[in-house]
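Structural overview for review
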Amino acid sequence: MKRRLLSIAALAGLAVALQPSAAPAASAGLAWDSVMKFDLGADASTLQPGSFDSDFATASAVQSQDEGGGGGIFGHLKQAIAAGKGAMQMMQSGVAEHHYIAGYKERTDEISQQTATITDCNARTITTLDLRHKTYTVVSMDQPQSSSGSSGGGSTPHPMASDDLSHLSIAIRNTALGARTVAGTPTQGYRSDTTITATNAQGQTSTTQGLMNGYYASFQTPSLSCRRFGSGSPMGPSAAQTAQGMQMYSHLMQAFSSNHMDKRFSISQSGPPLPLGRFSMFDVLTFKGQSSGQGLSIENERGNVHSVAANDAIFSVPSDFTKQ
């Protein structure tokens, strides 16, 4: 199945949107690597776990270019062209990330962008590292969201931007797929035909049909309680479909990880029950009934899972970085 280009702006919105929102992990946390892929016109039942090491190496090899380009319209144009080329490469090869969660801290590294984001729930700060230039910025979670840059820096959405979801009702019909080892980890697989009904704060509802294949490990998914739902600002030719699909995927994953703790979610199941809250080594969700007639599939594969401590240096700003 040929992979097609989706919006880079929509992809950027995932950095916050896909983070779970359950209770904090214990002091001994979890670290893993991931590759996210996107397909149009695919079926979740045809997309299965592959070689994680190979997929991760391919996705990690895609690096965004540092095109300074100078000021003025030509400089900005040069930067936009470079960003577009990098986006196309990432969509074709997948998006590689490192993840770390322990205690009340979380870090996510976007490998192609050479950036990292550290969330500290105790300090209520979000620190963004520029790994290429060795600089960093710190913002407060309690800082009001800004839709336009008041300091002349352009539009800068607050990283804790939230959507208006009031409730998510999920009906699932499950079929067991059996045991399978994924990226060296034993898992149990399930196919889930889903009906997802979202209700916003104004009482308006929308229903989406989906098909998901997932392979779940025996250990729990670590997550943070200080995350809120995020909303990106997708643009481009596939914007409407991409935005709807990714937001619904984010909601569904959050519901699976925190259903027993978050009253915004209700899940009913038939067939063998899903191991809710367990770590997914591979999942792919295809949304059916899209307005364009083509389903959007979002695929997440994970590997290199290992433990990490809350006091690990990975959650700190390196001493040779300069604050911006």
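Everything here concerns the structure above.
Here's a quick rundown of the structure. (Residues numbered from 1 in each chain as written. Predicted model: local features only at pLDDT ≥ 70, side-chain atom pairs only at ≥ 80, totals over all residues. Heavy atoms only, no water.)

Turning to the overall build of the protein chain, a few remarks are in order. Helix and strand counts for the protein chain come out as 4 helices and 13 strands. Within the protein chain, the fraction of its 324 residues that count as buried is 46%. Partitioning the contacts of the protein chain with sequence separation of at least 6, the portion at a separation of at least 24 is 69%. For the protein chain, the exposed area adds up to about 15000 Å²; of that, 52% sits on carbon and sulfur atoms. (Helix = DSSP H or I, 4+ residues; strand = E, 2+ residues; numbered from the N terminus. Buried < 20%, exposed > 50% of the residue type's maximum accessible area, 1.4 Å probe, protein only. Contact = heavy atoms within 4.5 Å. Areas by Shrake-Rupley, 256 points an atom, 1.4 Å probe, with all protein chains shown as cover.)

Let us look at the pattern of salt bridges. Counting across every chain of the model gives 8 salt bridges. A salt bridge links Asp 142 to Arg 124; the nearest nitrogen and oxygen atoms lie 3.0 Å apart. Of the two residues, Asp 142 is situated in the loop between β6 (135-140) and β7 (165-182) and Arg 124 in the loop between β4 (115-120) and β5 (125-130); the sequence distance between them amounts to 18 residues. In the salt-bridge network here, residues are joined through shared partners; they are Lys 37, Asp 55 and Glu 301. (Salt bridge = Lys/Arg side-chain N within 4 Å of Asp/Glu carboxyl O.)

Moving on to helix α2 (residues 52-60). Of all the residues in α2, the buried ones are Phe 52, Asp 55, Phe 56, Ala 59 and Ser 60. Down the axis of α2, the buried side of the element spans an arc of 125°, and every buried residue falls inside it. (Arc of directions from axis to C-beta.)

With that out of the way, let us pick up unusual backbone geometry. Of note, Arg 124 is a non-glycine position whose phi angle comes to about 55°, a positive value. Non-glycine residue Ala 183 carries a positive phi angle of around 50°. Since its relative accessible area comes to 39%, Ala 183 is described here as partly exposed.

In terms of nonpolar packing, the biggest core is built from 23 residues, with Ile 170, Met 212, Leu 252 and Phe 256 touching the most fellow members. Examining the composition of this core, we find that 5 residues originate from one element, helix α4 (residues 239-258), more than from any other. Among residues more than four places away in sequence, those in contact with Leu 252 are Leu 168, Ile 170, Ile 196, Met 212 and Leu 285. Membership of the second largest hydrophobic core comes to 16 residues, among which are Leu 47, Cys 121, Val 182 and Val 284. (Core = buried A, V, L, I, M, F, W, Y, C linked by side-chain atoms within 4.5 Å.)

Another aspect to go through is the pairing of strand β2 (residues 95-102). β2 sits mainly inside the fold: 7 of its 8 residues count as buried. Taken together, the 7 bridges between strand β1 (residues 28-40) and β2 define a ladder with antiparallel strand orientation. Residue pairing for β2: Val 35 is matched across the bridge by Ala 96. Pairing analysis gives 6 bridges linking β2 to strand β3 (residues 105-110), with the strands arranged antiparallel. (Pairing = 2+ DSSP bridges.)

Here we take up the pairing of β5. Pairing between β4 and β5: 6 bridges, direction antiparallel. Residue pairing in the sheet places Ile 118 in a bridge with Thr 127 of β5. Between the antiparallel neighbours β4 and β5 lie 4 residues, among them Arg 124 with a positive phi of about 55°. As defined by bridge partners, β5 adjoins β6 across 6 bridges and the pair is classed as antiparallel. Its bridge partner lying in β6, Thr 125 is registered against Ser 140. Between β5 and β6, which pair antiparallel and follow one another directly, the connecting turn spans 4 residues, one of which, Lys 134, has a positive phi of 55°.

Within the secondary structure layout, Ser 112 lies in the loop between β3 and β4. Remark: the alpha-carbon pair of Ser 112 and Val 62, spanning 50 residues in sequence, is separated by 5.6 Å.

Our next topic: the environment of Leu 274. Mapped onto the fold, Leu 274 is located in the loop between β10 (265-270) and β11 (278-288). Residue classification places Leu 274 among the buried residues on the basis of a relative accessible area of 7%. Sequence separation of Leu 274 and Ile 172 is 102 residues, and the distance between their C-alpha atoms is 9.1 Å. Excluding residues within four positions of it along the chain, Leu 274 makes contact with Ile 172, Asn 174, Tyr 190, Ser 192, Met 212, Tyr 216, Phe 256 and Gln 269.

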